[in-house]
2 protein chains.
Amino acid sequence: MVYNQYKKTLEASLGKAPADLVLKGGQVLNVFSGEILACDVAITGDRIVGLGQGYEGKQEVDVTGKFLAPGFIDAHMHIESSMMTPEHLSTMVVPWGTTTLIADPHEIANVLGAKGVEYILEHTENLPVNVFVMLPSCVPSTEFETNGATLSAAEMKKLRGHKRVLGLGEVMDYVSVVGGSRQMYDKLQLFGDRMIDGHAPKLSGKELQAYRLAGVRSDHECRDYKEGLEKIRAGLWILVREGSAARNLDDLISGFLRDNVDLSRCMFCTDDKSIEDIYKFGHISYNIRRSIELGVPPVTAYKMATLNPALCYGFRDIGAIGPGYRADIVVLDDFETVQVDSVWHSGKLVSSKSVPVEIPVNPSGIDVTGTIKIPKLTKDDLAIRLKTPTVPVIQLVDYQILTKRVTATVKTDESGCFVPDRRYQKLAVIERHHETGNIGLGIIEGFNLTNCAIAATVAHDSHNLIVVGDNDRDMLAACKELKRCGGGYTIVSDGKPIATLELPLAGMMSRLHPKDIQEKFSYMISTARSFGVPVTVEPYMTLSFMALPVIPELRVTDMGLFDVTEFRFLDWK
Amino acid sequence: MVYNQYKKTLEASLGKAPADLVLKGGQVLNVFSGEILACDVAITGDRIVGLGQGYEGKQEVDVTGKFLAPGFIDAHMHIESSMMTPEHLSTMVVPWGTTTLIADPHEIANVLGAKGVEYILEHTENLPVNVFVMLPSCVPSTEFETNGATLSAAEMKKLRGHKRVLGLGEVMDYVSVVGGSRQMYDKLQLFGDRMIDGHAPKLSGKELQAYRLAGVRSDHECRDYKEGLEKIRAGLWILVREGSAARNLDDLISGFLRDNVDLSRCMFCTDDKSIEDIYKFGHISYNIRRSIELGVPPVTAYKMATLNPALCYGFRDIGAIGPGYRADIVVLDDFETVQVDSVWHSGKLVSSKSVPVEIPVNPSGIDVTGTIKIPKLTKDDLAIRLKTPTVPVIQLVDYQILTKRVTATVKTDESGCFVPDRRYQKLAVIERHHETGNIGLGIIEGFNLTNCAIAATVAHDSHNLIVVGDNDRDMLAACKELKRCGGGYTIVSDGKPIATLELPLAGMMSRLHPKDIQEKFSYMISTARSFGVPVTVEPYMTLSFMALPVIPELRVTDMGLFDVTEFRFLDWK
């Protein structure tokens, strides 16, 4: 802060000059003392300058009868997964009280490398939320898939100087970590004095100890409370995730409450949350509300969305309503149900009665379109010729992105090729960055499509083209459709696209208004249901996770069928 | 950590290779989960590499039946005030479980400037404790006294790069802070991204808000719990201090417990603790034990000495027993009474059954002797000629370093000069750095000396020569004695030194063994008592605080009698 502004804030703090803004008469959550106190909040510029009585403001807003909480922090999320531009996303989450996003641009980095990270940084300037970036640690995610670009330690070194880059993003490749890989060591060393996020589903015992020892400091992949407790004990900060595809909050929180576990090392994140779910349930506000419903003391739940992540990520001026803090304030009609009235960010009103301010789109110097590069495909490319009809099959788990590896006997034709039916269907992953022609194939149970294929160019983490269906014709048509429009999601039947959500930005984001994306996506989901996808499976997001070779148990990448538990490709055809 | 060592620690963590050391069978305090868990602790090099069962070690130590806690952190202290060299001090505190000191070398910096700070950094390498330094913010402390050297923002800029420099030390000059002084702004800005310690006794209301706004993040000057609570609410971390001259723990902790205040923003410090008190009562171990006695849940009390300060000061590998943390471990015979059996630091045994390891003294390239520079003094120099015998008098407060300003009618001689008696005695502060001849004089109530003077060259914060007595002859002899020996404490009667503790290092530290310092000092205290100093007053340390113009209410500096509340010199003679 320059000296003149510093003097100005001090004078307002002392009450010697009017503040720019005073929120008067509210009940203010003090996350330091754990109390709710009646006091006014004086703001000058983007700072809270004082709490107390008797502050005068050039602007005064009466918040009598309302509660004031610090803006909520989503401690781990991927902007790209929302399908929105960063600008649109910010206006979506702000009405729910989220004012800080810690984003890992891991998805776009897998398509475009450092250029993708720079695009995210460029488009998160001057938003109604603070956006901080954790640099993707695993681009490519593993050596078992082909992605668009590599983000090396050398490139990271350049990016880490950016004022909104906090540290190293989710270190998914825990095999390299505990195995002591030199490349991983170089990355971990580079961020030794910064925050390093983890991602270690099911990691336990001595491997978990080694993972923490190597420098990783958080985890958001706890499936149940025992896993969470073991990770807390190992010294990891725990992000209680409630997204669209992965929802861990109820399990974790209920267990922690049952065993009276100290929640001071816990915070909230969404990881990946769909537009529809944000519209329906809210954002971090949902994590708070649901935790309170489950029995977490309200102040503790709010701290998990504010002070706790601030301590973990080393924020010095975010996460509390106090002098010197950024004026990010949520005005609430009701504290326990997290009913948001209005939201202030850096001293400016950014949402009122659920209506966010309009914000201009940041001008872009970086082109992220034109990223779908695949050859012409034929039925032969999709043929799965089996030595035996008893084969490993990917089985979906209800409401989870985990899969099970099961063994099943499937139908084959006279030439020994797999024939999909209602239960066992075909999954293909087609490399889409370099036109290599790589195609990985597998058999999957749980989508239950009938005379239909669905496809996506959002396919964690390498974001190749992934397609599932009960017939080759629809699958091929789906690939063609996504090539045409530069990426997105599509649903095809009888060889014709029924609906397509075009995502031309890196094959994963759209410039459309969130409402339009959501309506289209919502229509596509109900269409998928009409073709058989059960309610226990979110068709598109679940599909998007079927190529991710770091989440157990069985996946398909463009290189083949991969067993995550054994960490190797299966020789199954 | 170099790659080979990193690999070695990972292998030990995974149990693939034996650890260097395993502490087996203990009950381990897990500060993350707030539990005490039975597990082994594996250590390789200076790191804890794993917690759990089944670790093998090249060395194995049976700690069955004992408790293991992270090494204790003294979050704010002055090494120089102990009168010991840093090396000796470290061996004094280690047997009590303290393994980290956050030192503010404010005292020696006031004598020698940056050179003093460098001396402390030089002598705190390779000790059995971690020593971190907060750079003194107020050297000189105020413009109302003459000190030895100035520590400018420019000099600080050079020192802040040192790997053990954490931030800016206690910002005592709160008047400059809330007044928006440009010089103070420069210093605060320089440490805007680092920790900034506060020191703001009695600061409250809007001034406290402004003080926090300016960038200060902690305070260790809470006299009572209401002051502490207000400061917590304002966002300051609170250091619950229990030193020799200032003891705030009982008041603060009892109040916090009564009002059920969240203690997660609190930690412990000693600030200034005498050798005698460390011998008698322990170090941070005392703060923990006493807090538990008062009713703090034991795990919470231990967290105040470990994880809480680690969070506040941004330590990433200190403050917990967990993989990746430094192997600083206190082995306890009893948890609630903090009975220490042995202490490990960086994986090495540094104290066993209260006996610390021997450590070599760090070689010194910096000479800090020869700092007492005063002219020859006469009785005239000490004469207090009064216009009226009713004058402001400094009144000591039992067991506190605060003073009261009272008005009293004192005895005068025929020329109007003050004549000391049993109650009202003479206090003189003689500038000792530059031989300016500056002498400040005052009248003080509470020492109750008879036929005696005591003097010190430890006199916060400028460390001039301070002397109190009931007669000029003894006062002059005391000054002469301290000039002779290069500084220290002395007690004089009948014109002759009865006992002198020589402190030739900067006039404040001795190379003597702590036991010898303590015996001499103890003898000097009992001698002072025999000359009338009541048990409610620690004669030498209290004297050392009588020149400090930032603690209310009335003080004497080499420039005159200073009212701290009014922040001005009094024209009283």
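Residues numbered from 1 in each chain as written. Chains lettered and ligands numbered in written order. Predicted model: local features only at pLDDT ≥ 70, side-chain atom pairs only at ≥ 80, totals over all residues. Heavy atoms only, no water.

## Examining the sheet that holds strand 10 (residues 130–135) of chain B
Adjacent strands of a sheet pair through backbone hydrogen bonds, lying either parallel or antiparallel. Residue and element names in this part refer to chain B. To keep it simple, the criterion reads: In short, DSSP must find at least two bridges between two strands for them to pair. Put simply, DSSP marks the helices as runs of H or I at least four residues long and the strands as runs of E at least two long, and each gets a number from the N terminus on. Fitted lines through C-alpha atoms give the axes, limited to the stretch in contact for helices. The angle between two N-to-C directions lies from 0 to 180 degrees.
Sheet architecture is open: five strands sit in the order 8-9-10-11-12, paired in parallel fashion. Each end of this open sheet is capped by a strand with a single partner; those strands are strand 8 (72–77) and strand 12 (195–198). Ignoring which end each strand starts from, the neighbouring axes of this sheet average 30° apart. Pairing of strand 10 with strand 11 (residues 165–171), which is carried by three bridges, proceeds in the parallel orientation. Within strand 11, the residue paired with L135 across the bridge is L168.

## Description of the environment of R473 of chain A
Residue and element names in this part refer to chain A. The condition is simple: For every residue, the accessible area (1.4 Å probe, protein chains only) is compared with the maximum for its type, and the residue is labelled buried under 20%, exposed over 50%, or partly exposed between those bounds. Two residues form a contact once any of their heavy atoms are found within 4.5 Å.
Within the secondary structure layout, R473 lies in helix 16 (residues 472–485). Given the relative accessible area of 47%, R473 is considered partly exposed. Filtering out sequence-adjacent residues up to four positions away, R473 remains in contact with K379, D494 and G495.

## Concerning the relation of the copies chain B and chain A
Basically, it comes down to this: When the copies are superposed, the least-squares fit takes in the C-alpha atoms of residues with a pLDDT of at least 70 in both.
Rotating chain B by 180° and translating it 0.0 Å along the rotation axis places it on chain A, where the RMSD comes to 0.1 Å. A rotation of that kind, with that shift, is consistent with a two-fold axis. No C-alpha of chain B lies nearer the rotation axis than that of L311 of chain B, which sits 3.5 Å from it.

## Let's talk about the packing of aromatic side chains
Quick note on the threshold: Ring pairs are drawn from Phe, Tyr and Trp, using the six-membered ring of Trp, whenever the two centres fall within 6.5 Å, and their geometry is named by plane angle: stacked under 30 degrees, edge-to-face over 60, tilted for the rest.
For the structure on display, the rule yields 38 aromatic pairs over all chains. Residues F144 of chain A and F562 of chain A carry aromatic rings whose centres are separated by 4.4 Å and whose planes lie at 35° to one another, so their mutual orientation is tilted. Highlighted residues: F144 of chain A in the loop between strand 10 (130–135) and helix 5 (153–159) and F562 of chain A in strand 29 (residues 560–563), separated in sequence by 418 residues. With a centroid separation of 6.1 Å and an interplanar angle of 80°, the aromatic rings of Y225 of chain B and F256 of chain B are classed as edge-to-face. With a gap of 31 residues between them, Y225 of chain B in helix 9 (residues 225–233) and F256 of chain B in helix 10 (residues 249–258) connect regions that are remote in the sequence.

## Here's the deal with the interface of chain B and chain A
Interfaces are often sized by the amount of accessible area the parts lose when they come together. Where we set the bar: Once two parts are brought into contact, the accessible area they lose, counted with a 1.4 Å probe and summed over both, makes up the buried area. Salt bridges are identified by distance alone: a Lys or Arg side-chain nitrogen within 4 Å of an Asp or Glu carboxyl oxygen. A 3.5 Å cut-off defines polar contacts: any pair of N or O atoms within that distance qualifies, except that in protein one atom must be a possible hydrogen donor and the other a possible acceptor, and neighbouring residues in sequence count only when both atoms are side-chain atoms.
Between chain B and chain A, the contact holds 59 residues from the first and 59 residues from the second. Where chain B abuts chain A, roughly 4,900 Å² becomes buried across the two surfaces, and 54% of that area is made up of carbon and sulfur atoms. Its largest share of buried area at the contact with chain A, chain B owes to K206, L213 and R316 of chain B, together 16% of the area lost on that side. Taken together, chain B and chain A are joined by four salt bridges. Of the charged contacts, one joins D262 of chain A and K303 of chain B as a salt bridge, the two residues approaching to 2.8 Å between their closest N and O atoms. Counting the contacts that link chain B with chain A gives 24 residue pairs in polar contact (both at pLDDT 80 or more).

## Some points on the pairing of strand 9 (residues 98–103) of chain B
Residues and elements named next belong to chain B. Spelled out, the test is: Note on handedness: a crossover is taken as right-handed if, strands pointing away from the viewer, the path from the first strand over the helix to the second is clockwise.
Counting buried residues in strand 9 gives six out of six residues, a clear majority hidden from the surface. The pairing of strand 8 with strand 9 spans four bridges and is classified as parallel. Bridge assignment links I73 to a residue of strand 9, and that residue is T100. Crossover handedness for the path strand 8 to helix 2 (residues 86–93) to strand 9: right-handed. By the bridge criterion, four bridges tie strand 9 to strand 10 in an arrangement that is parallel. Directly across from T100, in strand 10, lies its bridge partner N130.

## Quick word on the side chain of H123 of chain B
Tracing the backbone through its elements, the reader meets H123 of chain B in the loop between helix 4 (114–122) and strand 10. Among the polar contacts listed, one links the side chain of H123 of chain B to the side chain of E87 of chain B, at a separation of 2.8 Å.

## Some thoughts on the confidence of the model for chain A
Note the following rule: pLDDT measures how confident the predictor is about each residue, on a scale from 0 to 100.
Per-chain confidence: chain A averages 96 in pLDDT, with 100% of residues scoring 70 or above. Taken over the whole predicted complex, pTM reads 0.92, whereas the ipTM for its chain interfaces reads 0.91.

## Details of the sheet that holds strand 30 (residues 568–569) of chain A
Strand order in this open sheet of three strands is 28-29-30 (chain A), and the pairing throughout is antiparallel. Across the chains shown, the open sheet's two edge strands, defined by having one partner strand only, are strand 28 (554–557) and strand 30 of chain A.

## Description of the side chain of D197 of chain B
The test is simple: In this tally Asp and Glu are treated as negative and Lys and Arg as positive; neither His nor the chain ends contributes.
The residue D197 of chain B is located in strand 12 in this model. We note that D197 of chain B is buried and unpaired, the nearest opposite charge coming from R316 of chain A at a distance of 9.3 Å. Here the side chain of D197 of chain B touches S218 of chain B through a polar contact of 2.6 Å, side chain to side chain.

## Focus: the pattern of salt bridges
Evaluation of the coordinates by the stated rule reveals 62 salt bridges over all chains. R247 of chain A is paired through a salt bridge with D277 of chain A; the nearest N and O atoms lie 2.9 Å apart. Of this pair, R247 of chain A sits in the loop between strand 14 (237–241) and helix 10 (249–258) while D277 of chain A sits in helix 11 (residues 275–281), placing them 30 residues apart in sequence. The partly exposed category is assigned to R247 of chain A, whose relative accessible area is 35%. On the basis of relative accessibility, which here comes to 8%, the residue D277 of chain A falls in the buried class. Residue E445 of chain B pairs with R423 of chain B through a salt bridge whose shortest N-O separation is 2.8 Å. Within this pair, whereas E445 of chain B is found in strand 23 (residues 439–445), its partner R423 of chain B is found in the loop between strand 21 (403–409) and strand 22 (424–430), the two being separated by 22 residues in sequence. A relative accessible area of 45% places R423 of chain B in the partly exposed class.

## What about the pairing of strand 23 of chain B?
Along a regular strand, successive side chains alternate from one face of the sheet to the other. All names here are of chain B. Counting buried residues in strand 23 gives six out of seven residues, a clear majority hidden from the surface. In this structure, strand 20 (residues 390–396) lies alongside strand 23, joined through two bridges in parallel fashion. In the strand pairing of strand 23, Q395 is matched with E445.

## Focus on the environment of D470 of chain A
Residues and elements named next belong to chain A. As for its position among the elements, D470 is in the loop between strand 25 (465–469) and helix 16. Looking at D470, the relative accessible area reads 17%, which means it is buried. Sequence separation between D470 and L449 is 21 residues, and the spatial gap between their C-alpha atoms is 6.2 Å. In contact with D470, other than residues within four places in its own chain, are P420, D421, Q425, L449, T450, N451 and C452. Separated by 2.9 Å, the side chain of D470 and the backbone nitrogen of C452 make a polar contact. Reaching out from D470, the side chain makes a polar contact with the side chain of N471 at a distance of 2.9 Å.

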